[in-house]
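Architecture at a glance
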Amino acid sequence: PVVLGIESTCDETAAAVVRGQTLVSNVVASSMNEHARYGGVIPEIASRAHAQAFVPVVSKALADANMDLSQVDAIAVSAGPGLAGCLAVGVSGAKALAWAANKPLYGINHVIGHIAVTQLQFGAFPADTLALIVSGGHTSLLHVQDVARHVDVVGTTLDDAAGECFDKIARILGFPYPGGPHIDRHAQAGDPHAIHVPQGLTQGKAGAQHPYDFSFSGVKTAVARWVEGLEAQGQPVPVDDVCASLADSVASVLTNKAMAACELYGSQTLIVGGGFTANSQLRAKLEQGGQEHGIEVRIPERALCTDNGAMVAMLGVNLVAAGVRPSALDFSIDSAMPLSQILM
Ligand code: ATP
Ligand code: MG
Ligand code: FE
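Residues numbered from 1 in each chain as written. Chains lettered and ligands numbered in written order. Predicted model: local features only at pLDDT ≥ 70, side-chain atom pairs only at ≥ 80, totals over all residues.

1. What to know about the overall build of the chain
- Helix and strand content of the chain: 13 helices and ten strands.
- Against the 2.2 N^0.38 benchmark of 20 Å for 344 residues, the chain shows a C-alpha radius of gyration of 20 Å, consistent with a compact globule.
- Along the three orthogonal principal directions, the C-alpha set of the chain runs to about 65 × 45 × 30 Å.
- Looking at the 344 residues of the chain, the share that counts as buried comes to 53%.
- Considering only residue pairs separated by 6 or more positions, the chain has 76% of its internal contacts joining residues 24 or more positions apart. (Helix = DSSP H or I, 4+ residues; strand = E, 2+ residues; numbered from the N terminus. Rg over C-alpha atoms; globule rule 2.2 N^0.38 Å. Buried ≥ 20, exposed ≤ 12 C-beta atoms within 10 Å, placed from the backbone. Contact = placed C-beta atoms within 7 Å.)

2. Regarding the site of ligand 1
- Neighbouring ligand 1 are 27 residues, the closest being Gly 136, Gly 137, Gly 163, Gly 180 and Gly 275.
- Sorting the residues of the shell around ligand 1 by element identifies helix H4 (110-116), helix H6 (162-172) and helix H7 (180-187) as the ones contributing at least two each.
- No other element matches the four residues that H7 contributes to the shell around ligand 1. (Near = placed C-beta within 6 Å.)

3. Comments concerning the pairing of strand E9 (residues 269-273)
- Taken across its five residues, E9 has four buried, putting it largely inside the fold.
- Judged from the four bridges that link them, strand E6 (residues 129-134) and E9 form a sheet pairing that is parallel. Bridged to Ala 131 within E9 is Ile 271.
- As paired strands, E9 and strand E10 (residues 296-298) are joined by three bridges and run parallel to one another. Along E10, the bridge assignment pairs Ile 271 with Arg 298.
- For the segment spanning E9, helix H11 (residues 280-293) and E10, crossover handedness is right-handed. (Pairing = 2+ DSSP bridges. Right-handed = clockwise from strand over helix to strand, strands pointing away.)

4. Thoughts on the UniProt feature "domain: Gcp-like" (unreviewed entry) in the chain
- Following the UniProt record, the feature "domain: Gcp-like" (unreviewed entry) maps to residues 23-313 here.
- Secondary structure content for residues 23-313 is 50% helix and 17% strand, and the end C-alpha separation is 9 Å. (UniProt positions renumbered as here; feature names shortened; annotations may be inferred.)

5. Overview of the sheet that holds strand E8 (residues 150-156)
- Here five strands make up an open sheet; going across it, the order is E8-E7-E6-E9-E10 and the pairing mixed. Strand pairing shows two members of the sheet lacking a second neighbour, E8 and E10, which therefore form its edges. Strand-to-strand, the axes of this sheet are offset by a mean angle of 25 degrees, without reference to chain direction.
- For E6 and strand E7 (residues 139-146), the ladder comprises six bridges, and the chain directions are antiparallel. Paired with Thr 129 across the strands is Val 144, a residue of E7.
- Packed on one face of the sheet, helix H10 (residues 239-265) meets E6, E7, E8 and E9 and runs near 160 degrees to E6. (Axes fitted to C-alpha atoms, helices over the stretch in contact; angles between N-to-C directions.)

6. Quick look at the sheet that holds strand E1 (residues 2-7)
- Pairing in this open sheet of five strands is mixed, and the strands run E3-E2-E1-E4-E5 from one edge to the other. Both outer strands of the open sheet, strand E3 (22-30) and strand E5 (105-109), are each paired with one neighbouring strand and no more. The average undirected angle you get between the axes of adjacent strands in this sheet is 20 degrees.
- Sheet analysis places E1 next to strand E4 (residues 74-80), joined by four bridges and oriented parallel. The partner of Leu 4 across the bridge, within E4, is Ile 75.
- Where helix H3 (residues 84-101) meets the sheet, it contacts E1, E4 and E5, and its direction lies at approximately 160 degrees from that of E4.

This is the structure in structure tokens:
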């Protein structure tokens, strides 16, 4: 099947056409620069940017694919989770297109899209597999029985997402939003063992109670206190070492728990997705962990990790191919759509 995918959960307005497991076109417009000086995404600014970009982005995705709407089999759009005003723009636009062209519409879960997109690079999923999602809003381990029909949450963060933790520390270090890539860059030049950064929920009672859950708020507080302590004493902050030690701690706990979960579920494959998986240290640790544990780790190229329309279109293809019934045209957005729900 051929599916047009539309994405507007946060600050990317994106559209893509996927045929089978082939990416035919992929257009991403971002309002990221408009938020940089506020230190985070401003929902009203992002929503307005979506309203401006929607028609040009969708038109370009179709034009790049040499297609018009009559030639797609279905339209898929992120229905959640995300910022309500942003979701409303993409979903309303997608509904209008589906209604006008008389095409089935799938209101999909954006986070499951981050998993589905790996198929464009690595092909179909194994029947039963584990997935690690690490993004701006989520840090979870999922058991994917069938990406079109059934996913379960194995573990999740009890507080902040990994990306959120990086973005907050980046702010303290004075980097513009989003700070994750800046921390990544500085970490390359630092010593990952220079500073002790705690690993949330790995030791003692908490670790035993939550073998596959994550916690990053303690990491954030520990690093923030340490940096602020140095600043209060008028001492220079070893920025590169802070970034390297932070990244090492976060990447280690994510990798160790993902590997342990694969062993519990007997999964030979780990699917990896979400914007944070663009992170160099995490990619390296996952590759290394996979080699040590005999697990095939599927990490997509960086452009497919961050938000895009291809992930939405790919999940749409899975739903069409599985014969799943499309969403009713009056479905609503769900800014807190649960991870176990694939479709509205
Ligand atoms: P969700 O998918 O949970 O709704 P989101 O769509 O906002 O959240 P993504 O776009 O998937 O999130 O990911 C954005 C996050 O990824 C930001 O927190 C950003 O700092 C982080 N990020 C991007 N590149 C890197 C990198 N190289 N290293 C660390 N973090 C990164
Ligand atoms: Mg974004
Ligand atoms: Fe995302």
